[in-house]
Amino acid sequence: MDGCIFCKIIKKELPSTIYYENERVIAIKDINPATPVHVLIIPKEHIESVKDITSDNANVLIDIHIAANAVAEQLGIKDKGYRLITNCGKGAGQTVFHLHYHLLGGIEMNPKII
Ligand code: 5GP
Ligand code: ZN
């Protein structure tokens, strides 16, 4: 999609550090990491956010979880624990309107707020 930063990363028009990639998803290092491990799991199809998931495109959520598991293992946080979250809409803090899941880890997250 024109003007979408993640579509440009997917098309390799912009650089990124890639941890995992197949035909349907890509996992890249977040440019401004919030935790020691901060990876973005992104479907290659331009879907705005999780509110746009339907029975027609929901299969990509399986790929996203498989990618997250692979990256968590690759980066050594599989057994320590991590979070996989998505912000849906401005009010939730979404700033890039191409669906992505944050894989966050490498830090003790207790005490926790949710
Ligand atoms: P959101 O705020 O939409 O949930 O998450 C967007 C994330 O994308 C942020 O954590 C931000 O740091 C990351 N981000 C924004 N632009 C770029 C970029 O050009 N490259 C990478 N790798 N991450 C980006
Ligand atoms: Zn996009």
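Everything in this summary refers to the structure shown in the same document. Throughout, residues of each chain are indexed from 1 in the direction in which the sequence is written. For naming, the first written chain is A and the first written ligand is 1, with later ones following in the order written. Per-residue local features of the predicted model are confined to residues with pLDDT of at least 70, and side-chain atom pairs are confined, for both listing and counting, to 80 or more; whole-chain, interface and lining totals are unaffected and use all residues. Remark: hydrogens and water are excluded; side-chain values derive from all non-hydrogen atoms of the structure.

**Some remarks on the site of ligand 1**
Line of reasoning, step 1. The nearness test applies per residue and asks whether one of its heavy atoms lies within 4 Å of the molecule or strand. Close contacts around ligand 1 come from 17 residues, with K29, D30, N87, T95 and H102 the closest.
Line of reasoning, step 2. Polar contact is the term for a pair of N or O atoms within 3.5 Å; when the atoms are in protein, one must be able to donate a hydrogen and the other to accept it, and sequence-neighboring residues count only if both atoms are side-chain atoms. Within the contact set of ligand 1, an oxygen atom lies 2.8 Å away from a side-chain nitrogen or oxygen of N87.
Line of reasoning, step 3. Between ligand 1 and the protein, one listed contact pairs an oxygen atom with a side-chain N or O atom of H102 at 2.8 Å.
Line of reasoning, step 4. In this description, accessible areas are obtained by the Shrake-Rupley approach with a 1.4 Å probe, and a residue is regarded as covered only by the protein chains that are shown. Expressed as a share of its isolated accessible area of 510 Å², the protein-covered part of ligand 1 is 83%.
Line of reasoning, step 5. By definition, any uninterrupted DSSP run of H or I lasting at least four residues is a helix, any uninterrupted run of E lasting at least two residues is a strand, and each is numbered from the N terminus. Secondary structure elements with two or more residues in the shell around ligand 1: α1 (5–10), β2 (25–29) and β3 (37–43).
Line of reasoning, step 6. When residues of the shell around ligand 1 are assigned to their parent elements, the largest contribution, 3 residues, is made by α1.

**Here we look at the side chain of D63**
Line of reasoning, step 1. For D63, the location among the structural elements is in helix α2 (residues 59–74).
Line of reasoning, step 2. By the convention used here, residues are in contact when the closest approach between their heavy atoms is within 4.5 Å. Those residues in contact with D63 that sit more than four places away from it in its chain are N22, R24 and V25.

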